[in-house]
Amino acid sequence: MDNSLPPADELVLVDRELAQLDARRSQLLARRAWLIRVLHAPVASVALPPRPPVADSTPRSAQNVLLTLGGTLLTIAAIAFTLVSWGSMGIGGRAAVLSAVTAAALVAPVALLRRSLVSTAEAVAALGMVLMVLDAYALHRVALPETDGLGYAAVAAAVLAAAWTAYGSALSRLRVPLPVAVVAGQLPLPLGVLAAGGGSTAFAWAALVTAAADGAVVLWARPASVRITAVTGAVALGGWALLTGGLLSLTSPWDGAPLLLAGAAVTLYLAWRRPALAVAASAVAGLAAVTAVGGLLRAAVPADWAVPGYVLCGLATASVWWLRAGTAGTTSASAPASGAATRSGGSTADTAGARLPAGVRLGLGCAGAATTALGVVWALPPVAAGLLGPLARTTEVWSGEHAERALTSYPGTAVLVLAVAAAVLAALPRLWARCAALALAWALLTALPVSLGLPFAATLALQLLTSAAALWIAVRPGPATRGLRTTGAPGERSGTSGTEPGPGAPTPPVTAPSAAPSGPSAAGPSAAPAGGPGAPRPGWAPVRPRTQAPVIAPGTVLGWSAYAGGLASAVSAVALALDVRAATFLALGVVLGLCSAVAVLGVDARRVVSACGAVLAATGLVFAMAAAGGFEDHWTALALLLVPAATAALGTRAPRPVALAIEITGGAVGLLALGIAASRPAFLALALALGGVIAAATAVRPERRRFAAWTAAALFLAATWVRLAVWEVTTPEAYTLPVTVPALVVGFLRRRRDPEASSWTAYGPGLAATLLPSLFAAWTDPEWVRPLVLGVAALVVTLLGARFRLQALLVLGGTVLALDGLHELAPYVVQAVGALPRWLPPALAGLLLLAVGATYEQRLRDARRLRDRVARMR
């Protein structure tokens, strides 16, 4: 509060602020009351009519069950009468009975429908249709016994299908006859072909024609049950026909191709007329067309070119999608212009693509893409052999011999399939296509040595060049992202690049809050009237910001895709180069240079991974040099310490993530060097000491000081212990004093910097490192020198703890002093006790207990005072 104002002015200011607060409080209370009325508005209770008791089953369902059971029983009786009791009647009686019953069953539904007994009419009509089948069977047994069964069945199925179609059309309220007629219509042509002795090709044609008829029923029939039945029949028979055509395309292409093309035409027409089935039907049509044309090409070209022929057919089919998808962004953004272009005689391909329904284009594109994907999978074995073959080593390192190549008889056209697929995908302005194109280009370069049978030098050079090119794209992915079409915000047009508008671009208008819709339709029925006490203030409702998912830059995705391939090629090249000494040095040197370049020029985690790869390549070079020089293992271990030394030096200039990564990798190489040197303890001590020097040099840096300093101390201590073990030193103090002295110095410096630090933290570890091992050694040492020196040292530590009020020194020194004195006095006490009479120890114990009991309270107060005094020490 400003106390510089006069009291009168300050009082006026305070009253004014209080009045504003009261007004604001009243406004908030009014708003709260309105909100409560909106949220907790009373709901008028509506009296619900009493619910009738729920029955176990509705009358309609019970009626259907009864009718179904009755029709089933009558059908069973009719079948039994026809098949079993037929011979007990004459020819006239049989015909009269069947004709009368069938006619009655077919005519009865007319009267039943007039009385609105639809379910009963359905049951009776179903019985009549079953009787018609039995009439056909009886006619064959009695009047036409010499007729071929399959031929008669085909004709009977056709007649029954026509009769049931007419019957169902006449009585349109019946739902059973038309679907049953569709089912009967599936049989005439296939059965007729079988009766005529046709083979599998003729049967497939009959099935295809029947499926085409089913498609016509699907297109023009109205009842849903009829369409569902026709779709089921079309799928079954059409699928059988297409499968037969596919098998024929492998054995007899000129017989299978017309069948497949006809099936494709029928399916494509169905997809065109029925958008709901467009995607699936056009995909089947595309696969059938590809199989047909590919089979013809397969018969005309050598065996190695069969798969490329199928791939070309698949790409041609997929191009139907590209006719329109390639210009979707432009045409969607400028529809009037495209319409004008079409009227003025625009592109024929674009116009044809525009006429194709979207579902048809999508299905054909999926069919072509699936065919191409299968071809790419067929071309992958040479890629796996080129990448993993060098890792499966069967020869000695640097032997000059090369392992036998795998898949030498695999068709060389596999690389052609990869090349064509990569070229097509590279032409698509989509990120996924560009990533796939990069992967296929890398696979092509990896498979070339296997497919073309290149020699060792050419293979190694190609793998190194592949790795270099992939890593270059990983560092500079800009050229690979040219022409990519990105997806903008919801308000942007499709096909824009997603960049920000330039300085000359118009600024989009900003809609003011007052432009929001007003009135009852906008405010809702429960909104308070404007200007009332409960009306919300302008801008009262908070605006919820739109959250957008993070978008990964295309360059990042492409960079990582290329980076993975580059690393894989580098590893394979190094494994391949192990056959020849000079090639090993060349490959490791090139990989070291490439990884170093990516570590310097790259971004994000690729820099870190590349830096670690460079360290590993340098380690491989050191191994190779040591092996070429004929070094023994311990000398190789010392040479490997050059790697952590170099990483420690580079860590001072590298960025923090890269520096940490290369130092950790260098530390792992140092551990490997120590493991190699473990066979020679003297060299192990030297290696530990050199590692301590490297860690001590790293501790100069402020960000590494704590960890590196402790690491250096541990390495120096380990080097000292190993050296003492080599010299066969068994005195424990020789191992513990090098730990105690630095620890006490560090503790002293810490106590000077922080007087409140505990003596247990500062001095406890250092003192325990020497006093406790020396105490154990003194209890087993028959000489008197070590107990004497230990006692003097413990006495000095105890006195220092009492003088400077340090708890750790007092407790550790006193405990060690007492135990050391007990060890020295124990023999004399045993001798003295043995010389005394046996009744004297119990008597002395009794006197001691009496004295303690008499002065118990005083001794208890003394013990508490001693405990508090020790507790107050640091």
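Refer to the structure presented above.
What comes next is a walk through the structure. Position labels on residues start from 1 in each chain and follow its written sequence. Owing to the predicted nature of the model, reporting of local features is limited to residues with pLDDT of at least 70; listing and counting of side-chain atom pairs is limited to 80 or more, with chain, interface and lining totals taken over all residues. In computing side-chain properties, one takes all heavy atoms of the structure into account and sets aside hydrogens as well as water.

### A word on helix H23 (residues 581-601)
Next, step 1: Its 21 residues give H23 an end-to-end C-alpha distance of 30 Å, which sits within 8% of 30 Å, the value for a rise of 1.5 Å per residue.
Next, step 2: When we look at burial in H23, the residues that qualify are Ala583, Thr584, Ala587, Leu588, Val591, Leu594, Cys595, Val598 and Ala599. Taken around the axis of H23, the buried residues stretch over an arc of 135 degrees, which confines them to a single face. Among the exposed residues of H23, those pointing more than 90 degrees away from its buried face are Ala582 and Val600.
Next, step 3: The contact criterion used throughout is that any non-hydrogen atoms of two residues lie within 4.5 Å. The secondary structure listing takes helices from DSSP runs of H or I that are at least 4 residues long and strands from runs of E that are at least 2 residues long, numbered from the N terminus. Looking at the buried side of H23, the elements it contacts are helix H20 (456-475), helix H22 (554-577) and helix H24 (604-629). Multiplying one less than the number of residues by 1.5 Å gives the expected span of a helix. Note on classification: 1.4 Å probe, protein chains only; a residue is buried when its accessible area is under 20% of the maximum for its type, exposed when over 50%, partly exposed between these limits. Directions pointing from the helix axis toward each C-beta atom define the arc.

### Quick notes on unusual backbone geometry
Next, step 1: A positive phi angle, near 45 degrees, is found at aspartate 604, a position not held by glycine.
Next, step 2: As for its placement among the helices and strands, aspartate 604 is situated in helix H24.
Next, step 3: Accessibility expressed as a relative area gives 38% for aspartate 604, which makes it partly exposed.
Next, step 4: Phi at arginine 805 is positive, roughly 55 degrees, even though this residue is not glycine.

### Re the packing of aromatic side chains
Next, step 1: Pairing of aromatic rings covers Phe, Tyr and Trp, the last through its six-membered ring, and needs centres within 6.5 Å; plane angles under 30 degrees mean stacked, over 60 mean edge-to-face, and all others mean tilted. Taken as a whole, this structure holds five aromatic pairs when the rule is applied.
Next, step 2: Here phenylalanine 203 and tryptophan 240 contribute two aromatic rings whose centre-to-centre distance is 6.4 Å and whose plane-to-plane angle is 90 degrees, an arrangement assigned as edge-to-face. Highlighted residues: phenylalanine 203 in helix H8 (residues 200-220) and tryptophan 240 in helix H9 (residues 224-251), separated in sequence by 37 residues.
Next, step 3: For tryptophan 240, a relative accessible area of 47% puts it in the partly exposed group.
Next, step 4: Arranged with centres 5.6 Å apart and planes meeting at 35 degrees, the rings of tryptophan 378 and tyrosine 410 form a pair that is tilted. Of this pair, tryptophan 378 sits in helix H16 (residues 358-378) while tyrosine 410 sits in the loop between helix H17 (380-388) and helix H18 (414-427), and the two are 32 residues apart along the sequence.
Next, step 5: Any Lys NZ or Arg CZ found within 6 Å of a ring centre and within 35 degrees of that ring's normal is scored as a charge over the ring. Between the NZ or CZ atom of arginine 803 and the centre of the ring of phenylalanine 804, over which it lies, the distance is 5.1 Å.

### Concerning the environment of proline 455
Next, step 1: Within the secondary structure layout, proline 455 lies in the loop between helix H19 (431-452) and H20.
Next, step 2: The class of proline 455 is exposed, set by a relative accessible area of 53%.

### Some remarks on a nonpolar patch on the surface
Next, step 1: Patches here are clusters of residues that have more than 30% relative accessible area and form no salt bridge, with a 9 Å joining cutoff for like charges and a 5 Å cutoff for nonpolar side chains (Val, Leu, Ile, Met, Phe, Trp, Tyr). Residue burial considers only the protein chains on display, and all accessible areas are found by Shrake-Rupley using a 1.4 Å probe. Just to be clear on terms, a salt bridge is a Lys or Arg side-chain nitrogen sitting within 4 Å of an Asp or Glu carboxyl oxygen. A surface patch of nonpolar side chains, about 780 Å² in accessible area, is lined by Trp784, Val785, Leu788, Val789, Val792, Val796, Leu800 and Phe804.
Next, step 2: Along the chain, valine 789 falls in helix H33 (residues 785-804).
Next, step 3: Residue class for valine 789 comes out exposed when judged on its relative accessible area of 52%.

### Here's the deal with the pattern of salt bridges
Next, step 1: Summed over the entire model, instances satisfying the criterion amount to six salt bridges.
Next, step 2: We note a salt bridge from glutamate 122 to arginine 175, for which the minimum N-O separation is 3.7 Å. Placement of glutamate 122 in helix H4 (residues 118-142) and of arginine 175 in the loop between helix H5 (149-170) and helix H6 (177-185) is noted, with a sequence separation of 53 residues between them.
Next, step 3: Taking the relative accessible area as the measure of exposure, glutamate 122 reaches 9% and is therefore buried.
Next, step 4: With its nearest N and O atoms 3.1 Å apart, the salt bridge here joins glutamate 703 to arginine 701.
Next, step 5: Salt bridges here are not isolated pairs; linked through shared partners, they connect Glu663, Arg701, Glu703 and Arg704.

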